[in-house]
Amino acid sequence: FFIPLLGLVLAFYFYSAPENFNEEMLRGKRVIVTGASSGIGEQMAYHLARMEAHLLLTARTEAKLQKVVERCLQLGAASARYVSGSMEDTAFPEVVVREAENTWGGLDMLILNHIGYSYFSYFNGDVGHVRKLLEINFLSYVAMTVSALPMLKESEGSIVVVSSVAGKIGSPFAAPYSATKFALDGFFSSLRHELITDQVNVSITLCILGYIDTENAVRAVSHAIRGTPAPKEECALEIIKSGTLRQRELHYPSSACPFPHHWGSPMLMHPGSLRRDAPEDYNTQHENILFSNK
Ligand code: NDP
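Residues numbered from 1 in each chain as written. Predicted model: local features only at pLDDT ≥ 70, side-chain atom pairs only at ≥ 80, totals over all residues. Heavy atoms only, no water.

Draft legend 1. Structural detail: the environment of glutamine 247. Turning to its location among the elements, glutamine 247 is positioned in the loop between helix H8 (232–244) and strand E8 (249–252). If sequence neighbours within four positions are ignored, glutamine 247 has contacts with Ile204, Thr205 and Ser242. (Helix = DSSP H or I, 4+ residues; strand = E, 2+ residues; numbered from the N terminus. Contact = heavy atoms within 4.5 Å.)

Have a look at this one:
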């Protein structure tokens, strides 16, 4: 009786997370943010800059990253730099992590947020597209985690994985995207158990987001989904808070909770949340793009 009880007490002590968020918790922390050239990732970079963190940002578009880095430095980042490249390139995740290691000699927080281009329509049977999206949205997250884990173990740091309601509940017109987000939940929820079992104090926070007002998301789905998207600035801050507080899951906005009484949530895309004219749109517009990052 006493041994399991002692184990429980030790586990509680060992994994006790801070209860209240304070911006100073991020001061001087070394943080990687992927998909930081636009949308939620860009906003996370600005919040972290204000909090005086060291930043390493990544995405494909160098010109955008340069501007984000400039603004981060103006906002007060302890340091800010970028590495540009595509997560479709299987060597790139390690390149990014090595850059952090060579620059800082360690890492406190890994925020995995990028997504590749997909369409918002009936599944078109293109297996190659699903494979490519798995590489960008899922396998690169795994690869970055593997490369970063030694440094995160050392710092007792955090991994933050940005996912979606579409990664908790299947809904129409986003089959490839949804598959990659479900994969994140399976992998990272399992890995979290293993880290706890091994008494490795690296936290994993899975962020379940609903409809957020980023330019790409609004352009892709506003014609089809009812409801007002939640603000990307607030969303970015909530992600940082929950990662810092080492929470297991964030549901933002609160209506993005994937349980039946919340089925009115816009991103769930259950029939009540789709506009009445939506199915015809989807039938005819096979080129509709979900989060269109060409
Ligand atoms: P954006 O489209 O605004 O940003 C995506 C980022 O990923 C950009 O920085 C883009 O930069 C980068 N990116 C795209 N393709 C690649 C690639 N091949 N390799 C590396 N980087 C790439 O997305 P959001 O801000 O809207 O979404 C951020 C996260 O939030 C995602 O994980 C998304 O699934 C999740 N989410 C968003 C919702 C929303 O409504 N906005 C709803 C639910 C979840 P570049 O093009 O320069 O490479």
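Draft legend 2. Summary view of the sheet that holds strand E7 (residues 203–209). The seven strands are arranged E3-E2-E1-E4-E6-E7-E8 in an open sheet whose pairing can be described as parallel. Sheet topology places strand E3 (79–84) and E8 at the edges, where each strand pairs with a single neighbour. Ignoring which end each strand starts from, the neighbouring axes of this sheet average 15 degrees apart. Taken together, the five bridges between strand E1 (residues 30–34) and strand E2 (residues 54–59) define a ladder with parallel strand orientation. (Pairing = 2+ DSSP bridges. Axes fitted to C-alpha atoms, helices over the stretch in contact; angles between N-to-C directions.)

Draft legend 3. Fine view of the site of the ligand. By nearness alone, 31 residues border the ligand, and Arg60, Thr61, Tyr177, Thr214 and Asn216 come closest of all. In this structure, serine 86 approaches the ligand through a side-chain N or O atom, which is 3.2 Å from a nitrogen atom. Threonine 214 is positioned such that a nitrogen or oxygen atom in its side chain is 2.7 Å from an oxygen atom of the ligand. Bound to the protein, the ligand loses 98% of the 890 Å² it would expose on its own. Contributing elements (two or more residues each) for the shell around the ligand: helix H2 (39–50), strand E6 (158–164), helix H6 (175–197) and helix H7 (215–221). Tallying contributions element by element places E6 first for the shell around the ligand, with three residues. In the shell around the ligand, the residues fall into 13 nonpolar, 16 polar and two charged. (Near = heavy atom within 4 Å. Polar contact = N/O pair within 3.5 Å; in protein donor to acceptor, adjacent residues only side chain to side chain. Areas by Shrake-Rupley, 256 points an atom, 1.4 Å probe, with all protein chains shown as cover. Nonpolar A, V, L, I, M, F, W, Y, C, P; charged D, E, K, R; others polar.)

Draft legend 4. Expanded view of the pairing of E6. With seven of its seven residues buried, E6 lies for the most part within the structure. Where burial is concerned, the two faces of E6 agree: the one with Ser158, Val160, Val162 and Ser164 and the one with Ile159, Val161 and Ser163 are both buried. Of the strand pairs in this sheet, strand E4 (residues 109–112) and E6 are connected by four bridges, and their pairing is parallel. Across the sheet, the residue bridging to methionine 109 is serine 158, located in E6. Across seven bridges, the pairing between E6 and E7 is parallel. Residue pairing across strands places valine 162 opposite cysteine 207, the latter belonging to E7. (Buried < 20%, exposed > 50% of the residue type's maximum accessible area, 1.4 Å probe, protein only.)

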